[in-house]
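# Breakdown of the fold
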Amino acid sequence: MNPVDLVVTVCALLSPATCEEQHLVFNYAGSPTQCAMAAPPYIAQWVGDHPKWQAVRWRCEYPHPNDKA
């Protein structure tokens, strides 16, 4: 499996206008489109660990080699 960058837009439950992107490493062996379809259980786990946030959208992309961690 290769790491894929799972980009999840999350918004605060108490302030829905307060949103941010979370970049999660998701090991998946398919295309970014297949990754996006397989991601909901992983996103649900993240939301369960962060109950003040709700996921509103997500996408998968290959990591950019020049990005700093």
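Counting restarts for each chain, with residues numbered from 1 along the sequence as it is written. Per-residue local features are limited, in this predicted model, to residues with pLDDT of at least 70; the limit for side-chain atom pairs, both in listing and counting, is 80 or more; totals at the level of whole chains, interfaces and linings are taken over all residues. To get the side-chain values, all heavy atoms of the structure are used, and hydrogens and water are removed first.

### As for the overall build of the chain
For the purposes of this entry, the term helix denotes a DSSP run of H or I that reaches at least four residues, the term strand denotes a run of E that reaches at least two, and both are numbered from the N terminus. Helix and strand counts for the chain come out as 2 helices and 3 strands. Traced from its N-terminal end to its C-terminal end, the chain shows the element sequence β-β-α-α-β. The burial tally for the chain puts 26% of its 69 residues in the buried class. The criterion used for residue contact is that any of the two residues' heavy atoms lie within 4.5 Å. Long-range contacts, defined here as pairs at least 24 residues apart, represent 56% of the contacts in the chain between residues at least 6 apart. Relative accessibility thresholds used throughout: buried, under 20% of the residue-type maximum; exposed, over 50%; partly exposed, between the two (1.4 Å probe, protein chains only).

### Here's the deal with the packing of aromatic side chains
Ring pairs (aromatic) are described by centroid distance and by the angle formed between their planes. Paired rings are identified among Phe, Tyr and Trp, the last through its six-membered ring, by centres lying within 6.5 Å, and are further divided according to the angle between planes into stacked (under 30 degrees), edge-to-face (over 60) and tilted (the rest). Within the structure shown, the criterion is met by 2 aromatic pairs. With a centroid separation of 5.0 Å and an interplanar angle of 40°, the aromatic rings of phenylalanine 26 and tyrosine 42 are classed as tilted. Within this pair, whereas phenylalanine 26 is found in strand β2 (residues 19-28), its partner tyrosine 42 is found in helix α2 (residues 40-49), the two being separated by 16 residues in sequence. Judged by relative accessible area, phenylalanine 26 falls into the buried class, the value being 10%. By relative accessible area, which is 31% here, tyrosine 42 ends up partly exposed.

### Describing the pattern of salt bridges
Between side chains of opposite charge, pairing is possible as soon as their charged atoms come close. Every case where a carboxyl oxygen of Asp or Glu lies within 4 Å of a side-chain nitrogen of Lys or Arg is listed as a salt bridge. Counted under the stated rule, the structure contains 2 salt bridges. Among the salt bridges present, the one from glutamate 21 reaches arginine 59, with a minimum N-O distance of 3.3 Å. Here arginine 59 lies in strand β3 (residues 53-61) and glutamate 21 lies in strand β2, a separation of 38 residues in the sequence. Under the relative-accessibility criterion, glutamate 21 is labelled partly exposed at 40%. In this structure, glutamate 61 engages arginine 59 in a salt bridge whose closest nitrogen and oxygen atoms are separated by 3.3 Å. Among the ionic contacts, a cluster of salt bridges with common partners joins Glu21, Arg59 and Glu61.

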